[in-house]
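A closer look at the structure
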Amino acid sequence: GAVVSQHPSRVICKSGTSVKIECRSLDFQATTMFWYRQFPKKSLMLMATSNEGSKATYEQGVEKDKFLINHASLTLSTLTVTSAHPEDSSFYICSARAGTGVMGNQPQHFGDGTRLSIL
Amino acid sequence: QKEVEQNSGPLSVPEGAIASLNCTYSDRGSQSFFWYRQYSGKSPELIMSIYSNGDKEDGRFTAQLNKASQYVSLLIRDSQPSDSATYLCAPKVHDYKLSFGAGTTVTVRA
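Given the structure is predicted, the values throughout are model-derived calculations rather than measurements.

Turning our eyes to something else, we now look at the side chain of A:Ser50. Residue and element names in this part refer to chain A. Take Ser 50: it is sitting in strand β5 (residues 45-51). Here the side chain of Ser 50 touches His 71 through a polar contact of 2.7 Å, side chain to side chain. Separated by 3.4 Å, the side chains of Ser 50 and Ser 77 make a polar contact. Non-local contacts of Ser 50, meaning those with residues more than four positions away in its chain, are made with Thr 31, Thr 32, Met 33, Ala 56, Ile 69, His 71 and Ser 77.

Here the focus is the sheet that holds strand β8 (residues 76-81) of chain A. Residues and elements named next belong to chain A. Spatial ordering of the open sheet is given by β1-β3-β8-β7, a layout of four strands whose pairing is antiparallel. Two strands lie at the open edges of the sheet, namely β1 (4-7) and β7 (67-73), each paired on one side alone. Pairs of neighbouring strands in the sheet enclose a mean axial angle of 15°, with direction left out of account. Here β1 pairs with strand β3 (residues 19-25) via four bridges, running antiparallel. Residue Gln 6 lies in a different strand from β3, and its bridge partner there is Cys 23.

Let us now look at the interface of chain B and chain A. Where interface size is quoted, it is often the accessible area lost as the parts come together. The interface of chain B with chain A comprises 20 residues on the first partner and 24 residues on the second. Summing both sides of the interface, chain B and chain A together bury roughly 1,600 Å²; the carbon and sulfur share of this comes to 57%. Of the charged contacts, one joins B:Lys97 and A:Glu59 as a salt bridge, the two residues approaching to 2.6 Å between their closest N and O atoms. Joining chain B to chain A, the criterion identifies seven residue pairs in polar contact (both at pLDDT 80 or more). The element best represented in the side of chain B that touches chain A is strand β4 (residues 33-38) of chain B, accounting for three residues. Taken together, the residues of the side of chain B that touches chain A break down into 10 nonpolar, six polar and four charged.

Once that is clear, we can look at the state of the cysteines. Counted under the stated rule, the structure contains two disulfides over all chains. In this model A:Cys23 forms its disulfide with A:Cys94; the gap between the sulfur atoms is 2.0 Å. What sets the handedness of the A:Cys23 and A:Cys94 disulfide is the S-S torsion sign, and at about 80° it is right-handed. A residue pair is termed long-range when its members are at least 10 positions apart, and A:Cys23 in strand β3 and A:Cys94 in strand β9 (residues 90-98) qualify at 71 residues. Of the two residues, A:Cys23 and A:Cys94, both sit in the buried class. At a sulfur-sulfur separation of 2.0 Å, the disulfide partner of B:Cys23 is B:Cys89. Linking B:Cys23 and B:Cys89, the disulfide has an S-S dihedral of approximately -70° and is accordingly described as left-handed. Of this pair, B:Cys23 sits in strand β3 (residues 19-25) while B:Cys89 sits in strand β9 (residues 85-91), and the two are 66 residues apart along the sequence. In this structure B:Cys23 comes out as buried when scored by relative accessible area, which is 1%. Classification of B:Cys89 by relative accessible area gives buried; the value is 1%. A:Cys13 takes part in no disulfide bond, and the closest cysteine sulfur to it belongs to A:Cys94, at a distance of 18 Å.

Cut-off values and rules
- Residues numbered from 1 in each chain as written.
- Chains lettered and ligands numbered in written order.
- Predicted model: local features only at pLDDT ≥ 70, side-chain atom pairs only at ≥ 80, totals over all residues.
- Heavy atoms only, no water.
- Helix = DSSP H or I, 4+ residues; strand = E, 2+ residues; numbered from the N terminus.
- Polar contact = N/O pair within 3.5 Å; in protein donor to acceptor, adjacent residues only side chain to side chain.
- Contact = heavy atoms within 4.5 Å.
- Pairing = 2+ DSSP bridges.
- Axes fitted to C-alpha atoms, helices over the stretch in contact; angles between N-to-C directions.
- Buried area = accessible area lost by both parts, 1.4 Å probe.
- Salt bridge = Lys/Arg side-chain N within 4 Å of Asp/Glu carboxyl O.
- Nonpolar A, V, L, I, M, F, W, Y, C, P; charged D, E, K, R; others polar.
- Disulfide = S-S within 2.5 Å.
- Buried < 20%, exposed > 50% of the residue type's maximum accessible area, 1.4 Å probe, protein only.

In structure tokens:
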């Protein structure tokens, strides 16, 4: 159980292109989804928190117009990197958690990540 | 002070030995704690969760939590080469977010 699917796994594209990444919870309803980016040999950096049916909450320093997040249903969130540039090249990972439960103990389950390379 | 501190390693242990990973956190309000394993080039994978003080065992893994000391640890018994990875400590902070440590890289020598 608790499978999160992320697609595509790898993208190589030209500077100025917009790239959409999908994150789906396959066997549970994800009340909240999270988007992270990770640079080589660094830890995960939270970019934004996405709740179904409402606007995403972005972390400080993350440009919301650059990284568009849509959480259209309880099983799907998308991240669009608009007008991507080489400095946006990174490993982008989504995660999802189910419900609230007792003290909100449900863990986050991660997708396989998307390696984005902007030429 | 970082929110979550872990020794970066690398922690090198021989096959069959115990690997001991430590983590301290700064948010006293954290009530849930998770350990994730991340292989190179892959995304994190949940291996343990712990919510109460004391020990929690799951197979070869034991998590230990001491909220008064703001300390959580992970023991890997009978370490195998397949355990070679980076282990991320992640306390849950507000709004269901996780605060990730930089991770401890473990290398198990065959």
